[in-house]
Amino acid sequence: MSTPATGAATLAPRRSSRFVAWVRAWRAGLVPYDEVADAIAGDEEHLVADAPGTWTDVPLGSALPTLAKLSPDEIRLVLPAPGDPRGLPGPGEFAGAALVAGEAVVAGGLGLIPEVRSHTSGSGDCFETVLWRVYPLPANAPAASLSLPGAAEAEAELAAALAETTAALTRLDVAQWRPELAGALAALRRPDGTTDLPPGFDPRARRLFARAAVLDRVLALAGHSAPGGAINNYEAQQRDAALRPLTAACRQALVAACNAPLRP
């Protein structure tokens, strides 16, 4: 039976992860430029603000040539969190905005952060656009790839964190207040192997991305209280403590998968 949690597992992964994966594959010569913007945007409208050489918001495809001289290794996914700024190129406006957003792209001397904007048409229809805001990075920014795990290490950490968290949630009797979450966590033990990564990523990176992208959506659901206030503040704190290691491992798994070396 489909539940909110299993439904969440089918949603698109973080926008920054798609951006990094497809732009890196393009810069490696593995996918044509004409496909990149559509692959990143999907069914959404994506615009770019403050791109070099522009004076207004432009379509994503019009801004991508700004990155045309970069190598794949100069384009990286960053998923920072309070207390864990790994991947950020030092303090500054970009780092502060990335911590608030929880996701960002580092592309050479530029940083990009997606902002989702909601609109209402004259007929009352609601729709969203994604605005990628571009930030210049400090010229003396330190290397941002230090202390980041590779795909093999991230995969092992994610598996261990998943086992630990599942046991913790079982002890907390999560099924009482979030049965769909318990079911979704169990389903993660048998992922179907589908992936949203473009050509060039090896099987380990694809497997890691597939699991982490699904888990990322499940954790987003788990971060909300049960309907009707079914848990109290103490139980919410217990839940958050149980999920914290898995959330960190999931973020690093997505980073490791999207930043993995590309192969022809």
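Our subject is the structure listed above.
Residues numbered from 1 in each chain as written. Predicted model: local features only at pLDDT ≥ 70, side-chain atom pairs only at ≥ 80, totals over all residues. Heavy atoms only, no water.

Look at aspartate 50: it is not a glycine, yet its phi comes out positive at around 65 degrees. Relative to the helices and strands, aspartate 50 is located in the loop between β1 (45–49) and β2 (58–59). The class for aspartate 50 is partly exposed, based on a relative accessible area of 46%. (Helix = DSSP H or I, 4+ residues; strand = E, 2+ residues; numbered from the N terminus. Buried < 20%, exposed > 50% of the residue type's maximum accessible area, 1.4 Å probe, protein only.)

Checked against the element boundaries, aspartate 57 lands in the loop between β1 and β2. Residue aspartate 57 is classed as partly exposed on the basis of its relative accessible area, which comes to 38%. Along the primary structure aspartate 57 and arginine 133 are separated by 76 residues, whereas in three dimensions their C-alpha atoms are 9.2 Å apart. Each residue touching aspartate 57, except ones within four places of it in the same chain, is listed here: Val48, Ala49 and Leu131. (Contact = heavy atoms within 4.5 Å.)

In the contact formed by helix α2 (residues 15–27) and helix α3 (residues 33–41), the axes pass within 9 Å of each other and the chain directions differ by 175 degrees. As judged from the angle between their axes, α2 and α3 are roughly antiparallel. Counted together, Arg18, Phe19, Trp22, Val23 and Trp26 of α2 and Tyr33, Val36, Ala39 and Ile40 of α3 form the full contact between these two elements. (Axes fitted to C-alpha atoms, helices over the stretch in contact; angles between N-to-C directions. Parallel < 35°, antiparallel > 145°, perpendicular 65-115°, else oblique.)

Here we take up the packing of aromatic side chains. Across all of its chains, the model carries three aromatic pairs by this definition. Seen from their ring centres, tryptophan 26 and tyrosine 33 are 5.5 Å apart, and the 50 degrees between their planes marks the pair as tilted. (Phe/Tyr/Trp six-rings, centres within 6.5 Å; stacked < 30°, edge-to-face > 60°.)

The full count for this structure, using the stated rule, is eleven salt bridges. A salt bridge links glutamate 44 to arginine 15, with the nearest nitrogen and oxygen atoms 2.6 Å apart. On the criterion of sequence distance, the pair formed by glutamate 44 in the loop between α3 and β1 and arginine 15 in helix α2 is long-range, its members being 29 residues apart. Using a relative accessible area of 30% as the deciding quantity, one classes glutamate 44 as partly exposed. A salt bridge links aspartate 84 to arginine 86, with the nearest nitrogen and oxygen atoms 2.9 Å apart. (Salt bridge = Lys/Arg side-chain N within 4 Å of Asp/Glu carboxyl O.)

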